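One letter stands for each residue in the lines below.
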Amino acid sequence: QVQLVESGGGLVQAGGSLRLSCAASGRTFSRYAMGWFRQTPGKERDLVAAISWSGGSTYYADSVKGRFTISRDNAKNTVYLQMNSLKPEDTAVYYCAARTGPSLVYDYWGQGTQVTVSS
């Protein structure tokens, strides 16, 4: 079992920054690929950024490239999403997720944290 707890969401003005954190339980966190997703009402949950187990490989959606940075600290069982130059369209509930198996399916999810960007 893996438990994920997000924090760091909130209200910020356009152009501002936020840093999301996701604390994971379990001794094998360093073996998991991790991802950050976001979802707005009535829309699908989209992958925003992902990071390999070692942190050596990352992925970003085109909409956030150059503005968001995903990182992880395996000693602290934590993954981060640094969000800069925020735009109103970044407003969403952000979820972290763990991919613990060999497939591309994320099988553990946090409860989500709201990010609201005002114009």
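Structure: see above.
Scoring rules and cut-offs
Residues numbered from 1 in each chain as written. Predicted model: local features only at pLDDT ≥ 70, side-chain atom pairs only at ≥ 80, totals over all residues. Heavy atoms only, no water. Buried < 20%, exposed > 50% of the residue type's maximum accessible area, 1.4 Å probe, protein only. Helix = DSSP H or I, 4+ residues; strand = E, 2+ residues; numbered from the N terminus. Pairing = 2+ DSSP bridges. Contact = heavy atoms within 4.5 Å. Axes fitted to C-alpha atoms, helices over the stretch in contact; angles between N-to-C directions. Salt bridge = Lys/Arg side-chain N within 4 Å of Asp/Glu carboxyl O.

Caption draft 1: Highlighting the pairing of strand 11 (residues 113–118). Side chains Thr113, Val115 and Val117 project from strand 11 onto a buried face, and the interleaved Gln114, Thr116 and Ser118 project onto a face without burial. Where strand 9 (residues 92–99) and strand 11 come together, three bridges link them in antiparallel fashion. The partner of Tyr94 across the bridge, within strand 11, is Thr113.

Caption draft 2: Spotlight on the side chain of Thr113. Note that Thr113 resides in strand 11. Beyond its immediate sequence surroundings of up to four residues, Thr113 is in contact with Glu6, Gly8, Gly9, Leu20, Ala92, Val93 and Tyr94.

Caption draft 3: Seen up close, the sheet that holds strand 7 (residues 68–73). An order of 1-3-8-7 is seen for the four strands of this open sheet, with the pairing classed as antiparallel. Looking at which strands have only one partner, the edges of the open sheet turn out to be strand 1 (4–7) and strand 7. Strand-to-strand twist of the sheet, defined as the mean angle between neighbouring strand axes without regard to direction, takes the value 15°. Bridging between strand 1 and strand 3 (residues 18–24) involves four bridges; their strand directions are antiparallel. Note on strand 3: the bridge partner recorded for Val5 is Ala23.

Caption draft 4: Representation of the pattern of salt bridges within the structure. Evaluation of the coordinates by the stated rule reveals three salt bridges. Between Asp90 and Arg38 there is a salt bridge whose closest N-O contact spans 2.9 Å. In this pair, Asp90 is assigned in the loop between strand 8 (78–83) and strand 9 and Arg38 in strand 4 (residues 33–39), connecting sequence segments 52 residues apart. Each member of the pair, Asp90 together with Arg38, is buried. For the salt bridge of Lys65 with Asp62, the shortest nitrogen-to-oxygen distance reads 3.2 Å.

Caption draft 5: Inspection of the pairing of strand 8 at higher detail. Of all six residues in strand 8, five are buried, a share of seventy percent or more. Where strand 3 meets strand 8, six bridges bridge the pair, whose relative direction is antiparallel. The residue of strand 8 that forms the bridge with Cys22 is Val79. Here strand 7 runs beside strand 8; their pairing, made up of six bridges, is antiparallel. From the neighbouring strand, Ile70 faces strand 8, where its bridge partner is Leu81. If you look at the hairpin formed by strand 7 and strand 8, you'll find four residues sitting between the two strands, and Asn77 has a positive phi there, around 55°.

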